[in-house]
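Survey of secondary and tertiary structure
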Amino acid sequence: NKRLDDECNITSSYIQLNFDRYFKKFMLIKKKNYAGWMLNQEGRATDYIHVRGLELVKSDTCKLASRMLSELVNSILKTDKSQEYYIEYLRNKLMTVFTDIIAEDISIHKKISKDFDKYKNTPIHIQIAKDKSEREGGLSLREIDYIVTGRKGTKLSGISIDQFNGHFDKCYYWDHLILPPCVR
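Parameters and conventions
Residues numbered from 1 in each chain as written. Predicted model: local features only at pLDDT ≥ 70, side-chain atom pairs only at ≥ 80, totals over all residues. Heavy atoms only, no water. Salt bridge = Lys/Arg side-chain N within 4 Å of Asp/Glu carboxyl O. Helix = DSSP H or I, 4+ residues; strand = E, 2+ residues; numbered from the N terminus. Expected span 1.5 Å × (residues − 1). Buried < 20%, exposed > 50% of the residue type's maximum accessible area, 1.4 Å probe, protein only.

**Here's the deal with the pattern of salt bridges**
Where charged atoms from two side chains of opposite charge approach closely, those side chains can pair. Following the criterion strictly, the structure yields eleven salt bridges and no others. Across the pair Arg-184 and Glu-55 runs a salt bridge whose closest N-O atoms are separated by 2.7 Å. Linking Arg-184 in the segment after α6 (170–183) with Glu-55 in the loop between β3 (44–52) and α2 (63–78), this pair joins segments that are 129 residues apart in sequence. The salt bridge involving Lys-93 is made with Glu-71; its shortest N-O contact spans 3.3 Å. Of this pair, Lys-93 sits in helix α3 (residues 83–96) while Glu-71 is found in helix α2, placing the two residues 22 residues apart along the sequence. Linked by salt bridges that have partners in common, Lys-132, Arg-135 and Asp-162 make up one network.

**Comments concerning helix α5 (residues 124–135)**
Taking 1.5 Å per residue as the helical rise, α5 with its twelve residues ought to reach 16 Å, and the 17 Å between its terminal C-alpha atoms agrees with that figure. Among the residues of α5, those classed as buried are Ile-124, His-125, Ile-126, Ile-128, Ala-129, Lys-132 and Ser-133. Gly-137 lies just past α5 and shows a positive phi near 80°.

Everything listed here is a matter of coordinates, which is why it stays silent on function.
Shown next, in the form of structure tokens:
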């Protein structure tokens, strides 16, 4: 404080802290990626799971992955179950998660930010959008909902949601979209 007074002619300084949120339980995955069981927000009583940055709030996450992650986060925050319980939970989910699937559960939504020919590499959603555009008479698309159906070598293959016939790549969905956010 003496330094502030001597160098800047400041005799006192204050820090004001605001109480914004109170969490009963909180999970920090990484900076700006967290979930917490919020009981108070700016002086008002609340009781809900507040989420930032996790897949369950992102618009390009398929509903199935979002729903499963939501169940898991709610259980972790509102119960005191062991890590072993959640390992077994994931094993059991693998056996049942793909029953009674409809297209909307597994569709992936992507925006298309530029013309098809401006992409150096053609990601799966761009190829599917191109195919759909050609089927519909050259219609310009700015977003696409699609389903991954398999792999051709190292490249993914897929279809637009309107072509879904019940076939999809269960391994891709589990290994890339469902399990990774759950085990973080």
